[in-house]
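# A closer look at the structure
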Amino acid sequence: MNLGRFIIFLIFVLSFSNLPLVHADDGSGTASLTPDAVTTNSTGNLITVTYRATEMLWDGFVKLTIPDGFTPDPNVNNTTVSVTDGFLATLIDDMETNPLSPPWAANVVVLGLLNLPGTVVADTSADRWEGSQSLDAQFTVNVALPLNLANSSVYKNLSISENWSDYERISFWIKLDGFLLTDISVLAEKNEFVIATADNLGGTTVTYGFEESNFIDIDLQLLASGEWTHVVIDLTKAGNPPGTLNNVKSFGIRSDSAVLPIGVNLFASIFLDYFTLGDDLEGDVEFMGNMVTVPLTNLDADGTVTINYTGDAPAQEGSYTFEVGSKEDSGNAGAITPILDSPTLGVIDTSNPNNSNNKGQDIDGDGVDEIAARVDVNAPCYDFFLDPGGSVISVLFLKIDANLDGCLDFFLDTDTNNLCPEIYWDATNMFFGNVTQTNLVINGIDTIVCAYDSTGDGENDSYILPDADDPGLGGAGAGQANPFALSGSGCALSPMAVSWNGFLGLLFGTFALLLFKFKRTAE
């Protein structure tokens, strides 16, 4: 019985698999936002929120909630979504119709002649991954001939042909449930996922064999133990016959030409749920009120979801949180939960020159004051940055407490090359200076850093220059301790013991990098 061989094959491959299914926690990840601030009542503001996964998300979700006061609500005309190192999801079938429509089918064919149909039902028991039901393909086969050639299949016929040529992934959830009364030969190369141009897996087909590296994600140990298992198939891996993926009429799982020993009894079910197609440009993004929900087929660790929203700012000055949430997969367990720190946007009133919440200083020399703002008149720090215009547009590169006075300082990019900021501004103390690229030997390696004087004492501090090929990752210092020297000449690292002086969070654009600061200890 080929279905049984399919199960045994998966158990067999388990010992060679190195693709464990590791889930992220609900609400995991980080997010950043740009610009740092906008003015009250301003219109047509392009606000970019970037979510970065800290662990791999499977067919999960990312959600952005636009704060009250911003108008209009996000929609297809003012909001775009893109991903890196992942794919947006388009739902094929979540098995929520009963009876299932278009229909699924299952069968076993013996010797190419005897067709033993399986039973396909919409299962509403606990054997479902998400929603209220899954597909349950049931097989009950008794074979008592000396040698039998058989194949088993579970598949879906689409109502009309569909064009899948622009998609790069297909994902679904599968669970095996059954038992065997005897061993079954394992022919790994005969188990495959099939896409076909005709009903019943007929016509021209493209196959993704289980023995090939088509499966991006499959935890065979979970599958062998009868647990729900996520599968992601790379549709670009197989040599697709011309016209196959742009004319899809059926798809499913097939196991061919098994040699069955004498007296096989197989009672088994395959449960399937939540099929999606993945593309990096288009998916079933949902707009509901002030929320944008982004479905995924998969998103790698350090992969990003970027949401560009264009809207008008409220009249009320203040700090507005753009709440970002995530969910590891499509399962019912767990909701889309807010991440630990969602980014905030300052809304600044620049119309009143006597606004004590604002400080202005022309730090880029274009004759127009840049603005540092606070939203609480009693707060000591000025935490939001805004360049209202001029011949030079300064863009916030990052903000950290660079001089350990408890207030954030601004690093500003004036040439937009995203390599090293040009200006350091301590707006709280109205002090600014240049940032320069400097060579620094770190662990014997000549490293380019961004050097600046955070206190005006003539002695440079430094942090590692972000990687030019991928500035969002922060280069060699990403996620590691970055070197600082608070005394001595230039950027020389202290050979003495150092102490942790602060945990520095980075907020900007596509950044999700941690900075740490060292203080040189006097001998």
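Reading the values: rules and limits
- Residues numbered from 1 in each chain as written.
- Predicted model: local features only at pLDDT ≥ 70, side-chain atom pairs only at ≥ 80, totals over all residues.
- Heavy atoms only, no water.
- Helix = DSSP H or I, 4+ residues; strand = E, 2+ residues; numbered from the N terminus.
- Buried < 20%, exposed > 50% of the residue type's maximum accessible area, 1.4 Å probe, protein only.
- Contact = heavy atoms within 4.5 Å.
- Phe/Tyr/Trp six-rings, centres within 6.5 Å; stacked < 30°, edge-to-face > 60°.
- Pairing = 2+ DSSP bridges.
- Axes fitted to C-alpha atoms, helices over the stretch in contact; angles between N-to-C directions.

Further remarks concern the overall build of the chain. Within the chain one finds two helices and 35 strands. The burial tally for the chain puts 52% of its 523 residues in the buried class. Taking as baseline every contact in the chain between residues at least 6 positions apart, the subset at least 24 positions apart corresponds to 70%.

Our next topic: the packing of aromatic side chains. Enumeration over the complete set of coordinates arrives at 17 aromatic pairs. Ring centres of Phe70 and Phe322 lie 5.4 Å apart, and the angle between their planes is 65°; this geometry places the pair in the edge-to-face category. A residue pair is termed long-range when its members are at least 10 positions apart, and Phe70 in the loop between strand 4 (61–65) and strand 5 (79–93) and Phe322 in the loop between strand 20 (318–321) and strand 21 (323–327) qualify at 252 residues. Like Phe322, Phe70 is buried. Geometrically, the ring pair formed by Trp104 and Phe251 is edge-to-face, given 5.5 Å between the ring centres and 85° between the ring planes. Of this pair, Trp104 sits in strand 6 (residues 104–110) while Phe251 sits in strand 16 (residues 248–260), placing them 147 residues apart in sequence. The exposure classification of Trp104 matches that of Phe251, with both residues buried. Put simply, the rings of Trp104, Trp164, Phe172, Phe193, Phe251 and Phe275 pair up and form one aromatic cluster.

The strand order across the open sheet formed by three strands is 2-23-20, and the pairing between neighbours is mixed. Either end of the sheet is taken by a strand with one partner, and the two such strands are strand 2 (37–39) and strand 20. Here the average twist between neighbouring strands, direction ignored, is 30°. Bridging between strand 2 and strand 23 (residues 344–348) involves three bridges; their strand directions are parallel. Bridge pairing links Ala37 to Gly346 in strand 23.

Take the sheet that holds strand 27 (residues 395–400) next. Reading across from one edge, 27-28-29-30 is the order of the four strands in this open sheet, with antiparallel pairing throughout. Looking at which strands have only one partner, the edges of the open sheet turn out to be strand 27 and strand 30 (431–434). On average, adjacent strands in this sheet sit at an angle of 20° to one another, irrespective of strand direction. Where strand 28 (residues 409–413) meets strand 29 (residues 423–426), three bridges bridge the pair, whose relative direction is antiparallel. Counted as the bridge partner of Phe410 is Trp425 from strand 29.

Read these as spatial facts, not as claims about activity.
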